[in-house]
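The residues making up each chain are set out below.
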Amino acid sequence: MIIDHPLLGPRDSAEFTYMGDARLIDRPDPDGADAAAAFFDYAYLRDNPAGWHRELWFHEAGDRSWLVVTRNTLTHEISKVELAREVARAKGRSK
Amino acid sequence: MRYSGFRVIKEALSGHKGWTPAWRDPEPSEHYDIVIIGGGGHGLATAHYLAKEFGQSRIAVIEKGWIGGGNVGRNTTIVRSNYLLDGNEPFYEMSLKLWEGLEQDLNYNAMVSQRGILNLIHSDGQRDAFTRRGNAMILNGADADMLSTADIKKRYPFLNTDDARFPIKGGLAQHRGGTVRHDAVAWGYARSADSRGVDIIQNCEVTGFRIENGVCKGVETSRGFISAGKVGCAVAGNSSRLMSKANMRLPIESHVLQAFVSEGLKPVLPGVITFGAGHFYCSQSDKGGLVFGGDIDGYNSYAQRGNMPVVEDVCEGAMAIFPMLGRARLLRMWGGIMDMSMDGSPIIDTTHIDGLYFNGGWCYGGFKATPASGMSFAHLLAKGEPHPNAAAYRFDRFEKGLMIDEKGMGNQPNLH
């Protein structure tokens, strides 16, 4: 698979480490009332869809950026690559 | 029809006109006491043990394609019980014991071959870890044998024990491990279950569950509604897809695992060997092909095919330990879809929906577990409580911190 890095252009997926569902960006509030249940869900449960999946790839052997890759798990086709930093900021995260 | 050597000779002399189909192709009935979703090794084994060991009747196995078309047809055929942890080892040893009696139990030649499995040791730390593992195996009634370099040289003279990049310093052998003809496992269980009245319904895809007031009443299928007292799901690889129809999210990711077969060679490899300095394992099939594999690709996939980086990694492992393999041509390679669970161990449990039972999360160890999985799932379905050897395979172990993490990798499914 070739991942079209937003800053570096097309890179071999072998340079990256796969880090799972992009929902892991949304870490639950540890002070929330339902924190235990929310963290159980966060840590262990996955949608695991057959089809389009937004997922985290860490450019470990590259610029060490984290990407959100939208990829089809049935065909391995990649439709969109974003910087995870920008995805998190768009959700109102500060850094 | 009972199979025997006498029968083969008799049929050979009469033009092979007496053979009958090994199982029926029935139309689905309106109601079954137990419906098992998934006509793979685990589903068919469950049906066999339900009928034979637990005296259940009115059972159906429903399969979206043809039986044995999933992971029981897409593995590297290795059976072993060399696990470390208490939650696992008694279960896998039960499985190995069931493999040992399988052909007599099923009256079917599954080519069970206890040719032995050898895990190579390349460092002192690895020797300590394998010594501990061997002791855990022995404590659970399995066999384990620490081999010296000289022992290994005698059994496998082609291994470089002198000046390899990763020197071979010994090995943990399980002589009762080996290989089994994978398709024959599915066919043997299917034939046996069918002969005990189980309906095996192929080309019948489950499209949904009928759940009323928290009770599962049956399954909607491409061939109509089938009412059921109990529904058992055994579709590892696609567990998340199926259980999402019951609005369940699982502690599972689906990943692709590749495997490879070389062209047929004369006998070179008597047993199963695993490389300890990388992830590579190899055996030789009775047809002569070297069957080998390594790591999963490491990203979510339902594609049943992988990518080149893992092919390269596996071949590097092969060349490190069997340089002779570089001269053999690759005949086939394929991918299978694994239920990778959050701790690397499976789940055999009830669900929060009455009458709906789950069997999955087999990671890439499902084939060797087939008989024990079937026995344990049948126990759970028939008696409503887990088999003692599978009692740790619960859904709530993640919530309660009772993980069975054989590799100590945590909730990172692609590292198990």
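Structure first, text after, so check above.
Computed from a predicted structure; not experimentally measured.

**Quick word on the sheet that holds strand β3 (residues 17-21) of chain A**
Residue and element names in this part refer to chain A.
Here is step 1: Strand order in the open sheet formed by four strands is β3-β4-β5-β6, with antiparallel pairing between adjacent strands. Taken across any chain shown, the strands that pair with only one partner, and hence form the sheet edges, are β3 and β6 (78-83). Each neighbouring strand pair of the sheet contributes to a mean axis angle of 30°, computed without reference to strand direction.
Here is step 2: Of the strand pairs in this sheet, strand β5 (residues 66-72) and β6 are connected by five bridges, and their pairing is antiparallel. Along β6, the bridge assignment pairs Leu67 with Leu83.

**Some thoughts on the environment of Gly374 of chain B**
Residue and element names in this part refer to chain B.
Here is step 1: Tracing the sequence through the fold places Gly374 in helix α10 (residues 370-383).
Here is step 2: Separated by 37 residues in sequence, Gly374 and Asn411 have C-alpha atoms that sit 26 Å apart.
Here is step 3: If we ignore the near neighbours within four places in the chain, the residues touching Gly374 are His42, Ala45, Thr46, His48 and Tyr49.

**Points about the interface of chain A and chain B**
By a widespread convention, an interface's size corresponds to the accessible area lost as its parts come together.
Here is step 1: Facing the 18 residues of chain A at the interface are 21 residues of chain B.
Here is step 2: Looking at the side of chain A that touches chain B, the elements that each hand over two or more residues are α1 (35-44) and β4 (52-58) of chain A.
Here is step 3: Residue contributions to the side of chain A that touches chain B peak at three residues, all from α1 of chain A.
Here is step 4: For the side of chain A that touches chain B, the class distribution of residues is nine nonpolar, six polar and three charged.

**Things to note about the pairing of strand β13 (residues 272-275) of chain B**
All names here are of chain B.
Here is step 1: Every second residue of β13 is oriented toward a common face, with Val272 and Thr274 on one face and Ile273 and Phe275 on the other, all of them buried.
Here is step 2: The sheet contact formed by strand β4 (residues 117-121) and β13 spans three bridges and is parallel. The partner of Ile117 across the bridge, within β13, is Val272.
Here is step 3: Where β13 meets strand β14 (residues 280-284), three bridges bridge the pair, whose relative direction is antiparallel. Following the sheet pairing, Ile273 is matched in β14 by Cys282.
Here is step 4: Hairpin geometry of β13 and β14 is characterised by an intervening segment of four residues between the two adjacent antiparallel strands.

**Thoughts on the sheet that holds strand β5 (residues 145-147) of chain B**
Hydrogen bonds between backbone groups are what pair the strands of a sheet, and the pairing can be parallel or antiparallel.
Residue and element names in this part refer to chain B.
Here is step 1: Spatial ordering of the open sheet is given by β5-β6-β4-β13-β14-β15-β12-β16, a layout of eight strands whose pairing is mixed. The open sheet terminates on both sides in strands that have one partner only, identified here as β5 and β16 (330-341). Going across the sheet, the axis of each strand differs from the next one's by a mean of 25°, ignoring polarity.
Here is step 2: In this structure, β5 lies alongside strand β6 (residues 170-174), joined through three bridges in antiparallel fashion. When the sheet's bridge partners are listed, Leu147 is paired in β6 with Gly171.
Here is step 3: On the sheet, helix α9 (residues 308-321) packs against β12 (252-264), β13, β14 and β15 (289-300) and is oriented at approximately 140° with respect to β15.

**Focus on the nonpolar core**
Here is step 1: Core analysis: the biggest nonpolar cluster contains 117 residues, and Val35, Ile37, Val61 and Val231 of chain B have the highest contact counts within it.
Here is step 2: There are two domains that each give this core at least three residues, and those are domain 1 (28-81 + 84-107 + 182-251 + 343-415) and domain 2 (117-177 + 253-341) of chain B.
Here is step 3: Ranked by size, the runner-up nonpolar core spans eight residues in total, among them Phe16, Ala22, Trp66 and Leu67 of chain A.

Reading guide: rules and limits
Residues numbered from 1 in each chain as written. Chains lettered and ligands numbered in written order. Predicted model: local features only at pLDDT ≥ 70, side-chain atom pairs only at ≥ 80, totals over all residues. Pairing = 2+ DSSP bridges. Helix = DSSP H or I, 4+ residues; strand = E, 2+ residues; numbered from the N terminus. Axes fitted to C-alpha atoms, helices over the stretch in contact; angles between N-to-C directions. Contact = placed C-beta atoms within 7 Å. Nonpolar A, V, L, I, M, F, W, Y, C, P; charged D, E, K, R; others polar. Buried ≥ 20, exposed ≤ 12 C-beta atoms within 10 Å, placed from the backbone. Core = buried A, V, L, I, M, F, W, Y, C linked by C-beta atoms within 7 Å. Domains from an automatic or database assignment.

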